[in-house]
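Coordinate analysis (summary)
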Amino acid sequence: MSEEMVTTPTLPRLNEPAPDFEAVTTHGVVRLSDFRDSWLILFSHPADFTPVCTTEFIAFAEIYPELQKRGVELLGLSIDSVYSHIAWIRNIQEKMGVKIPFPIIADLDRAVATKYGMVQPGASKTEAVRAVFIIDPKGVLRAMIYYPLTTGRNMQEILRLIDALQTSDKHNVATPANWQPGDKVIVPAPKTVEMVEENLKAGYEVVDWYLCKRRLE
Amino acid sequence: MACINPDGTLTTSAKAVLKAVTEVSSPAEVAQKTNLPLFRVRSSLRELVEAGLLEEQEGGYRLTAIGKERIGL
């Protein structure tokens, strides 16, 4: 086996069970299964006490109440010790007045980071990239976002993605580009000639037979 | 452990979890009574079982004799 094959990070796959873990966090030892029945956003950051990560943590704390309204928990991760995490979140509270309300995994042995493909050697051999994994209440991985070290994440997009996934699950629909809650949704594309005819008679906004939109009640 | 301080005393949240366990209580019931997130309750219940203060029963958890003693019951 070549060295390149050994070091290639493994990536989890959408719509498969999220990789299981038990990890030390700032709120004690948690397992992925502790989050069942809730949605979970597992996200990694490169390192504590770094500028972009600090802005992201404040932003995650700001959207936490909105996430809770949607039944979503947050779980951070970096390859730092729990003491570093504690010192950093205390610093954020003291200097910036923001309390970080969610736990952070201290993944010093990279056990979780490896399972989720968070360490990508082309970006950094020692730090996790800015990854986001959305895991549903059944423990299935539903969405992944990877950002580079230089670019802070967009919290509104993360909220929008949660809203879109929950809307799709609840109403069996898809959501178009730039969809926001309240906008029209897309009726799943028909798979048979009969379904095409039925969609055309259903009162949807028909752009063409394969693209029908409707408002949610 | 997140539930037990270095001096052996229980943390505030651990005491709250233990006090919320009546007869056989499910994690969801404990979370509702304590207002703690469900994931945190599940983690605490596991630690309190390991510490011998709770035991797992079908349908939930209940206090052991040591657990009752620790919260003054």
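Values in this document were obtained by computation on a predicted structure and should not be read as measured data.

1. Quick notes on the domain arrangement of chain A
- The domain boundaries assigned to chain A delineate domain 1 (3–153) and domain 2 (172–214).
- Once you take the C-alpha centre of each, domain 1 of chain A and domain 2 of chain A turn out to be 35 Å apart.

2. Regarding the nonpolar core
Residue and element names in this part refer to chain A.
- Ranked by internal contacts, the top residues of the largest apolar core, which has 31 residues, are Ile41 and Ile134.
- Elements represented by at least two residues in this core include exactly strand E3 (39–44), helix H2 (51–69), strand E4 (72–78), helix H3 (82–96), strand E6 (130–135), strand E7 (141–147) and helix H5 (155–171).
- Looking at which element gives the most residues to this core, the answer is H2, with nine residues.
- Sequence-distant contacts of Ile134, that is, excluding residues within four places in its chain, are made with Trp39, Leu40, Ile41, Val140, Leu141, Arg142, Ala143, Leu161, Ile162 and Leu165.
- Judged by nonpolar contacts, the second largest core, of 24 residues, contains Leu75, Ile105, Met118 and Leu141.

3. Thoughts on the pattern of salt bridges
- A full pass over the atoms with the stated rule returns 14 salt bridges over all chains.
- As a salt-bridge pair, Arg46 of chain B and Asp34 of chain A come within 2.8 Å of each other at their nearest N and O atoms. Of this pair, Arg46 of chain B sits in helix H3 (residues 38–50) while Asp34 of chain A is found in the loop between strand E2 (28–31) and E3, placing the two residues in two different chains. Asp34 of chain A shares its class with Arg46 of chain B; the two are buried.
- With a shortest N-O distance of 3.0 Å, Glu55 of chain B and Arg62 of chain B are connected by a salt bridge.
- The exposure class of Arg62 of chain B is partly exposed, given its relative accessible area of 36%.
- Ionic contacts of the salt-bridge type, sharing partners, join the residues Glu66, Lys69, Arg70 and Asp163 of chain A into one network.

4. Quick word on the interface of chain B and chain A
- Taken residue by residue, the interface counts nine residues in chain B and twelve residues in chain A.
- Regarding the contact of chain B and chain A, the summed buried area is about 950 Å², with carbon and sulfur atoms giving 49% of it.
- Contact with chain A buries surface across chain B, with Phe39, Arg42 and Arg46 of chain B losing the most and accounting together for 65% of the total.
- In this structure, the connection of chain B to chain A is made through two salt bridges.
- Remark: the boundary between chain B and chain A carries six residue pairs in polar contact (both at pLDDT 80 or more).
- Taken together, the residues of the side of chain B that touches chain A break down into four nonpolar, one polar and four charged.

The rules behind the values
Residues numbered from 1 in each chain as written. Chains lettered and ligands numbered in written order. Predicted model: local features only at pLDDT ≥ 70, side-chain atom pairs only at ≥ 80, totals over all residues. Heavy atoms only, no water. Domains from an automatic or database assignment. Core = buried A, V, L, I, M, F, W, Y, C linked by side-chain atoms within 4.5 Å. Buried < 20%, exposed > 50% of the residue type's maximum accessible area, 1.4 Å probe, protein only. Helix = DSSP H or I, 4+ residues; strand = E, 2+ residues; numbered from the N terminus. Contact = heavy atoms within 4.5 Å. Salt bridge = Lys/Arg side-chain N within 4 Å of Asp/Glu carboxyl O. Buried area = accessible area lost by both parts, 1.4 Å probe. Polar contact = N/O pair within 3.5 Å; in protein donor to acceptor, adjacent residues only side chain to side chain. Nonpolar A, V, L, I, M, F, W, Y, C, P; charged D, E, K, R; others polar.

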